[in-house]
Amino acid sequence: TTRPLADQSPYIINLDLTYDNPRWGTTLSFNFNIFGPRLVIANLSAPDIYDQPAPQFDITLAQAIGRHMRAKFAAKNILNPVVQRTYGENAEAVYLSYTRGQTFGLSLTYEF
């Protein structure tokens, strides 16, 4: 008779821990995100489809090199959890399952 709004999680947790040292030109960030089960497909004749929680953890390190250059390293989705869509909020059966993969990046920037 009732169901939650589509794409509305009962909770969302975002954590950001950043160290910034302007004297050395160093910035280090740790970022974490997770959300609660959320309705993505509402069905009339079958159980609803829900996204299940999948944590994401990212790290970014940036370092100044001299006055005009900056190097940056980023690692995204380090935990690489299994992302699941399930029948029902309590994960009664798996509808879809995959991993997003990890992403690593390195850049060098020159500002003038």
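Heads up: the structure comes first, above all this text.
Residues numbered from 1 in each chain as written. Predicted model: local features only at pLDDT ≥ 70, side-chain atom pairs only at ≥ 80, totals over all residues. Heavy atoms only, no water.

A. Structural detail: the overall build of the protein chain. What the protein chain contains, in helices and strands, is 0 helices and 9 strands. Taken from the N to the C terminus, the helices and strands of the protein chain come in the order β-β-β-β-β-β-β-β-β. With respect to the principal axes defined by its C-alpha atoms, the protein chain has extents near 65 × 25 × 20 Å. For the protein chain, the residues scored as buried account for 24% of the 112 residues in total. When contacts within the protein chain are restricted to residue pairs at least 6 apart in sequence, long-range pairs at least 24 apart make up 50% of them. For the protein chain, the exposed area adds up to about 7900 Å²; of that, 57% sits on carbon and sulfur atoms. (Helix = DSSP H or I, 4+ residues; strand = E, 2+ residues; numbered from the N terminus. Buried < 20%, exposed > 50% of the residue type's maximum accessible area, 1.4 Å probe, protein only. Contact = heavy atoms within 4.5 Å. Areas by Shrake-Rupley, 256 points an atom, 1.4 Å probe, with all protein chains shown as cover.)

B. Focus on the pattern of salt bridges. Using the criterion set out here, one finds 3 salt bridges in the structure. One salt bridge connects Arg85 with Asp51, and the closest N-O pair in it is separated by 2.8 Å. Of the two residues, Arg85 is situated in strand 7 (residues 82–87) and Asp51 in strand 4 (residues 49–51); the sequence distance between them amounts to 34 residues. One salt-bridge network, in which partners are shared between bridges, spans Arg38, Asp51 and Arg85. (Salt bridge = Lys/Arg side-chain N within 4 Å of Asp/Glu carboxyl O.)

C. A look at the environment of Glu111. Its place among the elements puts Glu111 in the segment after strand 9 (103–110). Separated by 52 residues in sequence, Glu111 and Ile59 place their C-alpha atoms 23 Å apart.

What is shown is where atoms sit, not what they do.
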